Structures are given as structure tokens and as C-alpha cells.
2 protein chains.
Amino acid sequence: MPRMTPAERREAIIEAALRVMVGKGMAATTVRDVAHDMGTSSGLIHHYFESMDDLLAAAFDRAAGRDLDATRTTMTRGAGPVEQLSIFFATYVRAEQDWAFQLWLDAWAEAARRPAVRETSQRLNVAWQQLLAETIRAGVEHGVMACGDPEAAAWCILSLLDGLALQAVAHRLPLDRRVVITWSVAYAEAELSLPSGSLGCDARQ
Amino acid sequence: MPRMTPAERREAIIEAALRVMVGKGMAATTVRDVAHDMGTSSGLIHHYFESMDDLLAAAFDRAAGRDLDATRTTMTRGAGPVEQLSIFFATYVRAEQDWAFQLWLDAWAEAARRPAVRETSQRLNVAWQQLLAETIRAGVEHGVMACGDPEAAAWCILSLLDGLALQAVAHRLPLDRRVVITWSVAYAEAELSLPSGSLGCDARQ
DNA sequence: GGCGCTGTTGGACAAGCGCACAATAGCCTT
DNA sequence: AAGGCTATTGTGCGCTTGTCCAACAGCGCC
């Protein structure tokens, strides 16, 4: 009933969709759920989004993009590439809450059927890899890291993180978040010829 | 119309479900699709499976279990742990066809909503990790590998494989199957203190 | 202050879903 | 050959989904 500007309304819809997605997963999110969360009618959503695909993609873009931006800006506070990489892992612990990774999982699976979601998750995934690759490249140029192919190293570190998080989230395995980070950090240190412990972020809350 | 023994019929349903799942994804597979694929009525499926959850779980169990068994038996042909590990990677290339990994992806995502699927994917995932861990343990005992914690190493190798395959399948990235294997092999060699190239499986078709 | 534009409503709609159930058809036993 | 058991059928119920659309309401402009 209360009138909003188009921009505000669009924003409100995305936030509502995000809340629902976090609560019950991307695949189970329906137009009616989102409308009910906002306290408005369901028809309103289609006034701002062409299809459910677009809405889910926009909401996922918001969530994942926010995490990416937060990590990126936090990393700039690091003095050099090694500190920045250390911050990357430390932030990753916080960024990848239980629900955040479940969202990524949903997006990957849903990508097979929903073009907009596929485009979005693809774009954001590459952005994460690029963030990592740039840091590694800087480290190599500064002579504080050694790495044959920064692109490949970035893909591998990211994949190990994702793969481990997958095990931790999809099933309840003997891997909690702390272990995921510890093992990933160890791998990154070896891959980049860093002394053991130089990326050591104590994963305390 | 043709009468089958209960065991045969159950088998036929699972195989049909598998075909449909491969064709259009686990989440989009319906009772009617499976029935149509078999050329029978939809009611028949519920005569053999209590719910859709059970059917999907059984079909996934079949597909993933088959791959696991094939890999396990092929590995026994290796003379020692190192050869067996090499065979593991070589077989993984073949086992993880495009559709096979998409199935794993679907299973991980569906696990949040479907108890039977969760149980199955969890069990099979651990089985894969155990296969790897046992081989590594044998290698350590034979003194041909070095590894502080075989369990952890197995989790990491498997996670890197899965993580990389994720990137390759969910989006079409600059990672094809050959690269996935090459990078995983390199990681395994480093992690297990093996000489570079000792796991070298040429990933030719 | 009336008017028109547009955000907003709420329900209709067709399609599709899992599942259940009475009726049918085929095989095995006696 | 008859009877009974069960695999199999086909349909239909209840529900949910995304999308659409005619009616309504509130805001800004002449």
C-alpha cells in the first residue's frame, strides 16, 4: 500500500527475495513467498522483474556482489600482497556463512535451467578469481611470491576453497569452516612458495 | 504391458529415471517423464518407490555407485599405491563425463530438500574419499608416499577435483577436463611428496 | 479540483506436480 | 479350468507454480 519510488521498490523486492532465498533456498523460492515477505501482492513483482529467473539472478547478484565488494575493500587495507591474501582468507571465513555458500550451490545447480542465474554466477565467479589472480600477480612482481601461472593458481585456490566448502555444507562432514580455511591456506602457501604460517589467519570469530 | 519380475521392473525404473535425469537434470525429473521413458503408466512407479525422493536417490546411487565400483576395480589392477593413484586420476577423467558431474551438482543442491538424496550423496562422497585415503595410507606404509594425514589429504584432493570440475561444468570456463586433471595431479604429487610426473596420466581419450 | 498516469491489487488461469485409488489384466497355483 | 493374487493401468484429486490482466487507488500536473 505505501508508495515507493521505483528504485526503492526494486531494492525492496531484491532484499525480500534475498531473505526468502536464504531461508528456504533458491530453488524453493516463489513469487508468492517474496510478495508475502514484503507484505504486498504478488503481481507487483512482475511489474519490476520480467521473470522469476531475472529476480533470482538479481537477488543472487546482490548477495554475492556485496560479499565480493566487502572483501575487495577490506583487502586494500593490507600493506602488501601477502597481507592482502591473508585478509582474503580471513574475510572468506566470515563471508561464507552457512547460507551464503548454500546460495552459491543453488546457483550452480540452477544455472543449468535459468539463463540469467547462469550469467550472473559465471560473472561473479570469474570476478572472485580475478581478485585472487591480481593479488598473486602483484605478489610475484614484488618478488614476495613465486608462481608460474597466477591465473591457474587463482583457479586452483578458489576451487579448493569451494570444493571443501561444498563438503562442509552439502553434507555435515568432519569438516567445519575452520578446517576449510586452514587447509586452503596451507595449499596457497605451498603453491605460492610462501613460508608456512605467513598467511596464518587465526580463524577465531 | 509386458510383465517383468519385480527385480527387473525396479531395475528398469531406475535406469529410466537415470536416463531422464541425465537428459534434463535431477530437479526437473518428474514421475511422468520416467513413466513415459519406460513406456508405462506413472502409477507403476509409486508401486516400487515410496516417493520421488526415494526414486531420485536410488537412480543417483546407481549412477555414482557404478562409477565408484568401476574405479575401484580398475585400481586393483595397479601394481602399487602410486600406480593405483595414477589409475584413479585416469579413470576419473572418463568417469566424470559432462552429465555425471552435473548429476553430482544437482544432488548436492537437492540434498537441502530431499532427505534420501542427501543420505545417498553423503554416503557416496565419503566412499570416494575413503577409496582415496586407503590408497594413500597404503602408499605411506610402503614408504613410497609421505603424508602427515591421509584423511585430510584425501579430502583436499577430492575437493580440488570437485571444485575444478564445478567451474568447468556449471559455467563454460577456460577449464576443460584435461586441465582439471592436470592441476589435480600436480597438487596430489606435491601433497604426497611424489616426484613430479609420477602420477602423469596422459588424459587422451 | 478534476484528470490522467502509473504503481498496486488480488484473483484467474493453465500447466504441472506428487500421489492415491478403483478397475483391469496377466500369471501362478491348485 | 477356475480362482486368486498382484503387477499394471488410467484417471483424477489437491495443490503449487509462474504469469497475466482488468480493476483500483494515490500522486502530480494543468
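Provided above is the structure to which this section pertains.
Residues numbered from 1 in each chain as written. Chains lettered and ligands numbered in written order. Predicted model: local features only at pLDDT ≥ 70, side-chain atom pairs only at ≥ 80, totals over all residues. Heavy atoms only, no water.

S.K.: Even after reading the chapter, I still don't get the environment of Gly163(A), so can you show me in this structure?
M.R.: Assignment of secondary structure puts Gly163(A) in helix H8 (residues 150-170). In the structure, Gly163(A) is positioned 147 residues away from Ala16(A) in sequence and 29 Å away in space, judged by C-alpha atoms. In this view, Gly163(A) contacts Ser159(B) and Gly163(B); residues no more than four positions away in its chain are not counted. (Helix = DSSP H or I, 4+ residues; strand = E, 2+ residues; numbered from the N terminus. Contact = heavy atoms within 4.5 Å.)

S.K.: Help me understand the interface of chain B and chain A, please; the structure alone is not making it clear to me.
M.R.: Accessible area lost upon the coming together of the parts serves often as the stated size of an interface. On the chain A side, the residues contacting the 35 residues of chain B number 35 residues. Overall, the association of chain B and chain A removes approximately 2,800 Å² of surface from exposure, summing both partners, and the carbon and sulfur fraction of that is 70%. Broken down residue by residue, the surface that chain B buries against chain A is led by Trp108(B), Trp155(B) and His171(B), which jointly contribute 20%. At the surface where chain B touches chain A, the tally comes to 1 salt bridge. (Buried area = accessible area lost by both parts, 1.4 Å probe. Salt bridge = Lys/Arg side-chain N within 4 Å of Asp/Glu carboxyl O.)

S.K.: What is the right way to look at the protein's contact with DNA strand C in this model?
M.R.: Looking at DNA strand C, there are 22 residues lining it, with Arg3(A), Arg9(A), His47(A), Thr30(B) and Met52(B) nearest. Restricting the count to atoms of DNA strand C within 4 Å of the protein gives a sugar and phosphate share of 58%. For DNA strand C, a phosphate oxygen lies 2.7 Å from a polar atom in the side chain of Arg9(A). Between a phosphate oxygen of DNA strand C and a side-chain N or O atom of His46(B), the distance comes to 2.9 Å. Listed by contribution, the elements that provide at least two residues to the surface near DNA strand C are helix H3 (45-48) of chain A together with helix H2 (31-38) of chain B. Of the residues in the surface near DNA strand C, the class split is 7 nonpolar, 10 polar and 5 charged. (Near = heavy atom within 4 Å. Polar contact = N/O pair within 3.5 Å; in protein donor to acceptor, adjacent residues only side chain to side chain. Nonpolar A, V, L, I, M, F, W, Y, C, P; charged D, E, K, R; others polar.)

Geometric descriptors of this kind do not, in isolation, establish any biological role.
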